[in-house]
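Overview (structure and organization)
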Amino acid sequence: SDNGKILIGYGDDLQIYHDGSNSYIDNTGGYFYIRNGGGSTILIQPLSGEDAIKAYGNDRVELAYDHAKKFETTSTGISMPAGTRADFNGNIKLADNSVAYFGAGNDLQIYHDGADNRIVSGSTQSLIIATKYGRIMNGAANETQAKFNENGSVDLYYDNVKKFNTTSTGVEI
């Protein structure tokens, strides 16, 4: 009956029950294991026939959203199907020479090669940087090297002093 419990263990460490609205499995001692002794697949289904988590014996784990696989562990790391979006609230850290690829043909690459930071446009298309006001600074970020002003000048600097800029009629040195 509702609120009746199945109690297992000397201290009732495992309890299975239904409170009239929700069902529970409570573990109050040690680890809680879900195992399939046959070494096959374990499925977690929030709705009948809709697999949310699939854990394959000696293999991968898959996570799904609304019955569509979104994330999978692999022997070399993780995999997400094409078009899947990842939202991160923290930092993403990649090792030297690890490349972040963008585009169906890996058209854009961003990486650090151990010495230099690189943005590589591997396609025949343009690399476009769009901003109202852009600035390139030195490594310490305390000296301007170049400024790009929307509907205005492009300014070049030497040792943080403007030496060259474009004007509406040409250039000024």
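Structure first, text after, so check above.
Okay, so let's go over this structure. (Residues numbered from 1 in each chain as written. Predicted model: local features only at pLDDT ≥ 70, side-chain atom pairs only at ≥ 80, totals over all residues. Heavy atoms only, no water.)

**So, the pairing of strand E3 (residues 23–27)**
The condition that has to hold: A strand pair is defined by DSSP finding two or more bridges across the two strands. Comment: elements are numbered from the N terminus, with helices defined as DSSP H or I runs of at least four residues and strands as E runs of at least two.
Sheet analysis places strand E2 (residues 14–18) next to E3, joined by five bridges and oriented antiparallel. Paired with Gln15 across the two strands is Asp26, which belongs to E3. Linking E2 to E3, which pair antiparallel, is a turn of four residues; within it Gly20 sits at a positive phi near 100°.

**So, the sheet that holds strand E11 (residues 117–121)**
Under the convention used in this document: Here, axes are lines fitted to C-alpha atoms. For helices the fit covers the stretch in contact, and angles between N-to-C directions go from 0 to 180 degrees.
Read from one edge of the open sheet, three strands run E9-E10-E11, paired in antiparallel fashion. Looking at which strands have only one partner, the edges of the open sheet turn out to be strand E9 (100–102) and E11. Pairs of neighbouring strands in the sheet enclose a mean axial angle of 10°, with direction left out of account. With three bridges joining them, E9 and strand E10 (residues 108–112) adopt antiparallel strand pairing. From the neighbouring strand, Tyr101 faces E10, where its bridge partner is Gln109.

**Section: the environment of Gly103**
Let me state the cut-off plainly: Working definition: with a 1.4 Å probe on protein chains only, accessible area under 20% of the residue-type maximum means buried, over 50% means exposed, and in between means partly exposed.
Structurally, Gly103 can be placed in the loop between E9 and E10. Here Gly103 falls in the partly exposed class, since its relative accessible area comes to 48%.

**Some points on the sheet that holds strand E15 (residues 161–167)**
An order of E12-E13-E14-E15-E16 is seen for the five strands of this open sheet, with the pairing classed as antiparallel. The open sheet has two edge strands, strand E12 (133–137) and strand E16 (170–172), and neither has a second partner. Going from strand to strand, the sheet's axes swing by 15° on average, the running direction of each strand aside. Sheet analysis places E12 next to strand E13 (residues 144–149), joined by five bridges and oriented antiparallel. Across the sheet, Arg135 pairs through a bridge with Lys147, a residue of E13.

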